[in-house]
Amino acid sequence: MEVMAKLAAVGVTAVVLSAVLKKNTPELALLLVLAAGLWMLTLAAGGLGAAAALMEELAQQAGLSEALLEPVVKTVALSILTKLTVELCRSAGEGGVAAFVETAGAVLALLAALPLVRAVAQLMGELLS
């Protein structure tokens, strides 16, 4: 809860300052938003270790190999990175670039998930035979 309060405070402050700066120096406003976003990501990244540890523990309890978890983690990471990049491009007024990043992110997420699809298909084949 404390971390979210900090994130909200930085986010609101960055938006207000960006709105003021955007009138005279839009480039500086974009840099401010980018810096605030990176700081917020760094603050939120602290919780990733706990989430990864829980995923590993659950995978061990379920008897799953780490090879099955890797595509899920990669797909989630690609999704987050794509979303952030798209929103940054849109904030800079580059909707066309945002659309290309969104499409590329979807393709890369699909590619990252293919090993998981292959494992599920093999499991289904084993269950049906």
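K.L.:
In this structure, what is going on with the overall build of the chain? I would like to understand it.
P.N.:
Within the chain one finds five helices and zero strands. The secondary structure elements of the chain, listed N-terminal to C-terminal, are α-α-α-α-α. Here the chain has a C-alpha radius of gyration of 20 Å; the compact-globule value for 129 residues is 14 Å, and the former is much larger. On the principal axes, the C-alpha backbone points of the chain span a range of 70 × 35 × 15 Å. Considering the chain as a whole, with its 129 residues, one finds that 13% of them fall into the buried category.

K.L.:
Sorry if this is basic, but what is going on with the side chain of Thr 82 here?
P.N.:
The residue Thr 82 is located in helix 4 (residues 66-91) in this model. Setting aside residues no more than four positions away along its own chain, Thr 82 makes contact with Val 101, Glu 102 and Gly 105.

K.L.:
Explanation requested: the environment of Trp 39 in the structure shown.
P.N.:
The residue Trp 39 is located in helix 2 (residues 26-44) in this model. The sequence separation of Trp 39 and Ala 98 amounts to 59 residues, and the corresponding C-alpha distance is 22 Å. Among all residues touching Trp 39, those that are not within four sequence positions of it are Lys 6 and Val 10.

K.L.:
Can you help me understand the environment of Lys 6 in this one?
P.N.:
By secondary structure assignment, the location of Lys 6 is in helix 1 (residues 2-24). The class of Lys 6 is partly exposed, set by a relative accessible area of 40%. C-alpha separation for the pair Lys 6 and Leu 43, spaced 37 residues apart in sequence, amounts to 8.9 Å. Setting aside anything within four residues of it in sequence, one finds Lys 6 in contact with Trp 39 and Leu 43.

K.L.:
Any chance you could explain the packing of helix 4 against helix 5 (residues 95-128) here in plain terms?
P.N.:
Any two packed helices are characterised by how steeply their axes cross, that is the angle between the axes, and by the distance between the axes. At a closest axis distance of 9 Å, the pairing of helix 4 and helix 5 adopts a crossing angle of 175°. The orientation of helix 4 with respect to helix 5, classified from their angle, is roughly antiparallel. Here Leu 68, Pro 71, Val 72, Lys 74, Thr 75, Leu 78, Thr 82, Thr 85, Val 86, Cys 89 and Arg 90 of helix 4 lie close against helix 5, whose contacting residues are Val 97, Ala 98, Val 101, Glu 102, Gly 105, Leu 108, Ala 109, Ala 112, Ala 113, Pro 115, Leu 116 and Ala 119. Classifying every residue of the contact of helix 4 with helix 5 gives 16 nonpolar, four polar and three charged.

K.L.:
Is there a simple way to think about the pattern of salt bridges in this case?
P.N.:
A side chain of one charge can pair with a side chain of the opposite charge if their charged atoms are brought near each other. Tallying each qualifying case throughout the model produces five salt bridges. Salt-bridge contacts for Lys 6 lead to Glu 2; the nearest nitrogen and oxygen are separated by 3.6 Å. Taken together, the residues span about one helical turn, with Lys 6 and Glu 2 both in helix 1 at a distance of four residues. Exposure remark for Glu 2: the relative accessible area of 58% places this residue in the exposed category. Through salt bridges with shared partners, a single ionic network connects Lys 83, Glu 87, Arg 90 and Glu 102.

What counts as what
Along each chain, residues carry numbers from 1 onward, in the same order as the chain's sequence is written. Reporting of local features is limited, given that this is a predicted model, to residues whose pLDDT is at least 70; pairs of side-chain atoms are given and counted only at 80 or more, and all residues count toward the totals for whole chains, interfaces and linings. Neither water nor hydrogens contribute to the side-chain values; these are computed over all heavy atoms in the structure. Counting from the N terminus, the helices are the DSSP runs of H or I reaching at least four residues and the strands are the DSSP runs of E reaching at least two. What the globule rule says is 2.2 Å times the number of residues to the power 0.38, and the radius of gyration is computed from C-alpha atoms. Exposure categories follow from relative accessible area, calculated using a 1.4 Å probe and restricted to protein chains: below 20% of the type maximum is buried, above 50% is exposed, and the middle band is partly exposed. Contact definition: two residues touch when any of their heavy atoms are within 4.5 Å. To get an axis, a line is fitted to the C-alpha atoms, and for a helix only the part in contact is used. The angle between two axes follows their N-to-C directions and goes from 0 to 180 degrees. Here is the rule for angles: anything less than 35 degrees is roughly parallel, anything more than 145 is roughly antiparallel, 65 through 115 is roughly perpendicular, and the remaining ranges are oblique. Each residue is assigned to one of three groups, with Ala, Val, Leu, Ile, Met, Phe, Trp, Tyr, Cys and Pro labelled nonpolar, Asp, Glu, Lys and Arg labelled charged, and all others, Gly among them, labelled polar. Within this document, salt bridges are pairs made up of a side-chain nitrogen of Lys or Arg and a carboxyl oxygen of Asp or Glu, the two lying within 4 Å of each other.

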